[in-house]
Amino acid sequence: MDRKKDFIWGTATSSYQIEGAAFEDGKGLSVWDVFVKEKGRIFEGHTGEVACDHYHRMKEDVALLAELGVGAYRFSVSWPRIIPYGNGNVNEKGLRFYSDLVDELLKYHITPYVTLFHWDYPNELEMQGGWLNPESPEWFVSYTEVVAKTFGNRVKNYITFNEPQIFTWLGYDKCTHAPGIKYPAGRILSMCRNIALAHGKSVVKLRELVPDCRVGYAPTCGNAYWPVEETDFLAAKAGELQNSIRADDWLFSSAFWNELFLKGRFHEQCRGLFGSDLPQLTEQEQRLIGQPLDFCGMNLYQGTSVSLSETGEIVLGKLPAGHGKTGMGWPITPKAMYWAVKNFYNTYHLPLFITENGMSALDVISLDGGVHDPGRIDYLARHLSELKRAVLDGAEVEGYFLWSFLDNFEWEKGYDDRFGIVYVDYETQRRIPKDSFYWYQNIIKS
Ligand code: BGC
């Protein structure tokens, strides 16, 4: 990017998706350890019990990150690995793993970005009501405290929650993710309140224990709206849609979560949509939740097109027949990157990190032994050029984390989808850098 010389190039992973060692060295159960055992939940009954075996291959993986040349690595801490029952006793061996990981990264001058919560919630806490329990924000603060006290001397960048949209929506409404318990909207709203309080209190704790830290959160850019024709009218419409919520997708929307986490309040449309189901937030709670962050993350994979029909009506999500798709069937919509970043920045004026962007492809090891993924390179190049356009237009973007470093356990899709720039042969655990790895290496260099 031209505007910032110190633009941060990184890549990202999450604990349950790569670590494996699910029952080793005193780790407690997470909701995912339980969920993957339920029949029919995960593609072909896959589990994250071994995943990429990163727990045992951490040094090899960090050496590969160093070869890639990234300046930063975003990973998440598994809460039950370091506090097996979620609250109370700490597991020294779990802490040792992350401590060694941090040291190894620093050895190669790779800056660690730690996500506190990327969905592997301690099962013991779920059994006590999980995020519905009024104690849940305090549980999260105690966990934050352990992380901050152990790593705060070396880790200065934190992300409290990864995509609160997804673990609430898919975990408690659609039930395709752990724990897969269906709750009515009123309960989910109470859960959102507790999650937001957990975020606010965690930020306070981090600032107290690591005064020189930088903190943000990483929502997915739910429904990133982009105008197919870049006219003023459609651009304004896309912005309006981005900042509003609808009865059928409020939980997934960016607007709901950004208003909550960044402003400390429920979106103004919530009262009309939920009436007396809407939880209260005192002024003090609003200030706590909405306290200033250093940056906001944005996970962006795809967006919803906004166009006009022949009769002049707004049409959402319509793309020409045969429009490009990723291996997972997600439409390839690079302009969503430009418009989501621009709209976010114009609304919240907070520096951004792209905390995830990438695509799944049907990667195979070719006869020549390489993994050739031109589709992924094209996807990344298009998204980066739209990101650059947003930066040149004035959006403050500090860095970009490519999802993902390694092929990994893609939640309910198991190992069927490959998002990595490094191919993982799950039989042997051999890592094979794909063509996109070398392409990204060059981007970083240049
Ligand atoms: C999540 C990742 C996931 C990726 C691709 C994001 O929603 O944070 O854990 O693997 O998207 O689906």
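Cut-offs used in this document
Residues numbered from 1 in each chain as written. Predicted model: local features only at pLDDT ≥ 70, side-chain atom pairs only at ≥ 80, totals over all residues. Heavy atoms only, no water. Salt bridge = Lys/Arg side-chain N within 4 Å of Asp/Glu carboxyl O. Helix = DSSP H or I, 4+ residues; strand = E, 2+ residues; numbered from the N terminus. Buried < 20%, exposed > 50% of the residue type's maximum accessible area, 1.4 Å probe, protein only. Core = buried A, V, L, I, M, F, W, Y, C linked by side-chain atoms within 4.5 Å. Contact = heavy atoms within 4.5 Å. UniProt positions renumbered as here; feature names shortened; annotations may be inferred. Polar contact = N/O pair within 3.5 Å; in protein donor to acceptor, adjacent residues only side chain to side chain. Phe/Tyr/Trp six-rings, centres within 6.5 Å; stacked < 30°, edge-to-face > 60°. Lys NZ or Arg CZ within 6 Å of the ring centre and 35° of its normal. Near = heavy atom within 4 Å. Areas by Shrake-Rupley, 256 points an atom, 1.4 Å probe, with all protein chains shown as cover. 1 Å grid on protein atoms, 1.4 Å probe; cavity = no way out; pocket = protein on both sides within 12 Å on 5 of 7 lines; lining within 4 Å. Sits in = over half its atoms within 2 Å of the grid points. Nonpolar A, V, L, I, M, F, W, Y, C, P; charged D, E, K, R; others polar.

As annotated in an unreviewed UniProt entry, the protein chain carries the name Beta-glucosidase and comes from Lacrimispora amygdalina.

> Would you explain the pattern of salt bridges in this entry?
Two side chains with opposite charge may pair up if their charged atoms get near one another. Overall, the coordinates contain 33 salt bridges when judged by the stated rule. Of the charged contacts in the structure, one is a salt bridge between Arg389 and Glu386, with a shortest N-O distance of 2.9 Å. Of the two residues, Arg389 and Glu386 are both situated in helix α15 (residues 374–392); the distance of 3 residues between them amounts to about one turn of the helix. Among the residues examined, Glu386 registers a relative accessible area of 13% and is labelled buried. Here the salt bridges do not stand alone but share partners, grouping Asp363, Asp373, Arg376, Asp407, Arg418 and Lys434 into one network.

> Could you clarify how one ought to interpret the nonpolar core in this entry?
Within soluble globular proteins, side chains that are nonpolar generally end up buried alongside one another. Core analysis: the biggest nonpolar cluster contains 143 residues, and Trp32, Trp131 and Tyr400 have the highest contact counts within it. The element contributing the most residues to this core is helix α9 (residues 185–209), with 10 residues. Every residue in contact with Trp131, bar those within four places of it in the chain, is listed here: Trp79, Phe117, Tyr121, Ser136, Phe140, Phe161, Phe167, Tyr172, Met191, Asn194, Ile195 and Ala198.

> What exactly am I supposed to notice about the UniProt feature "active site" (unreviewed entry) in the protein chain here?
Residues annotated by UniProt as "active site" (unreviewed entry) correspond here to Glu356. Here Glu356 is to be found in strand β10 (residues 352–356). Every residue in contact with Glu356, bar those within four places of it in the chain, is listed here: Arg74, His118, Asn162, Glu163, Met298, Asn299, Leu300, Tyr301, Phe401 and Trp403. A distance of 3.2 Å separates a polar atom in the side chain of Glu356 from a polar atom in the side chain of Arg74.

> I keep staring at the packing of aromatic side chains and nothing clicks. Help me out?
What characterises a pair of aromatic rings is the spacing of the ring centres plus the angle enclosed by the ring planes. Inspection of every chain in the model, using the stated rule, returns 54 aromatic pairs. Here the guanidinium or amino end of Arg418 rests over the ring plane of Tyr423, the centre of that ring lying 3.9 Å away.

> Can you help me understand the site of the ligand in this one?
Lining the immediate surroundings of the ligand are Gln17, His118, Trp119, Asn162, Glu163, Tyr301, Trp330, Glu356, Trp403, Glu410, Trp411 and Phe419. At a separation of 3.4 Å, an oxygen atom of the ligand approaches a polar side-chain atom of Tyr301. Measuring from an oxygen atom of the ligand, one finds a side-chain N or O atom of Trp403 at 3.3 Å. Within the complex, the protein chains bury 94% of what would otherwise be the 310 Å² of accessible surface of the ligand. At a threshold of 2 Å from the grid points, most atoms of the ligand map onto the largest pocket. Residues of the shell around the ligand, tallied by class, amount to 6 nonpolar, 3 polar and 3 charged.

> What is the right way to read the environment of Tyr440 from this model?
Tracing the backbone shows Tyr440 in helix α16 (residues 435–445). Between the C-alpha atoms of Tyr440 and Trp9, which are 431 residues apart in sequence, the distance is 9.3 Å.

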